[in-house]
Amino acid sequence: MGKTILDEAAIRRALTRIAHEIIERNKGVAECVLVGIRTRGIYIARRLAERINRIEGQTVPVGELDITLYRDDLTEKHEQPEVKDSALPVEIHGKTVILVDDVLYTGRTVRAAMDALIDRGRPKMIQLAVLVDRGHRELPIRPDYVGKNVPTSQSEIVHVTVAEIDSHDRVTLQK
């Protein structure tokens, strides 16, 4: 199972803090769209939207991007993520798009997601929110909002579970 880094309560607190940071940085959320990267980023984006709604009384549209890694060997990091499908509920042109993912690692998934967004319109700005930043970036990508920074070795695995699909919320570090 590994060492628990974030339990359910810690995840809840981190997402509430990120929601407040998004509202503060953007001076409200009138021009914002949350876009979750499939799979777990979508559920995190939905939770952020719920919290923002509770805080601001304003609904933030939530979209999703499906980015599938095509690779034969999961330890091989040179394969490029490929965007498969997406559902964006509103036009993103001129909006602030906040990409949401569970774990930020090399940055390749986020880069593919940004390419996919730009293919669908020209956002005013793209921001990045992640539950866990584990380091080891291969591209110059930095999150705007972070639930927790977790220094890891490359041999360790950060595993995120969400109640919507895994029956509980937890972030663990596995050797």
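The structure we're discussing is the one just above.
Keep in mind that what you see is a predicted model, and the values were worked out from it rather than measured.

Caption draft 1: Representation of the packing of aromatic side chains in the model. With the rule as written, the count across this model stands at 0 aromatic pairs. For the cation-ring pair, Arg134 lies above Tyr105, with the distance from its terminal atom to the ring centre recorded as 4.0 Å.

Caption draft 2: Helix α2 (residues 40-56), seen in detail. Counted at 1.5 Å a residue, the expected span for α2 with its 17 residues is 24 Å, and the 24 Å between its end C-alpha atoms agrees. Gly41, Ile42, Tyr43, Ile44, Ala45, Arg47, Leu48, Ala49, Arg51 and Ile52 are the residues of α2 that are buried. Gly57 sits one or two residues past α2 and shows a positive phi near 70 degrees.

Caption draft 3: Region of the structure containing the pattern of salt bridges. Enumeration over the complete set of coordinates arrives at 14 salt bridges. Asp66 serves as the salt-bridge partner of Arg38, at 3.2 Å between the closest nitrogen and oxygen. Linking Arg38 in the loop between β2 (32-37) and α2 with Asp66 in strand β3 (residues 62-69), this pair joins segments that are 28 residues apart in sequence. In this structure, Arg40 engages Asp166 in a salt bridge whose closest nitrogen and oxygen atoms are separated by 2.9 Å. Pair noted here: Arg40 is in helix α2 and Asp166 is in helix α4 (residues 163-166), with a separation of 126 residues, a long-range link. According to the relative accessible area criterion, Arg40 is partly exposed, its value standing at 21%. Through salt bridges with shared partners, a single ionic network connects Arg38, Arg46, Glu64 and Asp66.

Quick notes on the rules
Residues numbered from 1 in each chain as written. Predicted model: local features only at pLDDT ≥ 70, side-chain atom pairs only at ≥ 80, totals over all residues. Heavy atoms only, no water. Phe/Tyr/Trp six-rings, centres within 6.5 Å; stacked < 30°, edge-to-face > 60°. Lys NZ or Arg CZ within 6 Å of the ring centre and 35° of its normal. Helix = DSSP H or I, 4+ residues; strand = E, 2+ residues; numbered from the N terminus. Expected span 1.5 Å × (residues − 1). Buried < 20%, exposed > 50% of the residue type's maximum accessible area, 1.4 Å probe, protein only. Salt bridge = Lys/Arg side-chain N within 4 Å of Asp/Glu carboxyl O.

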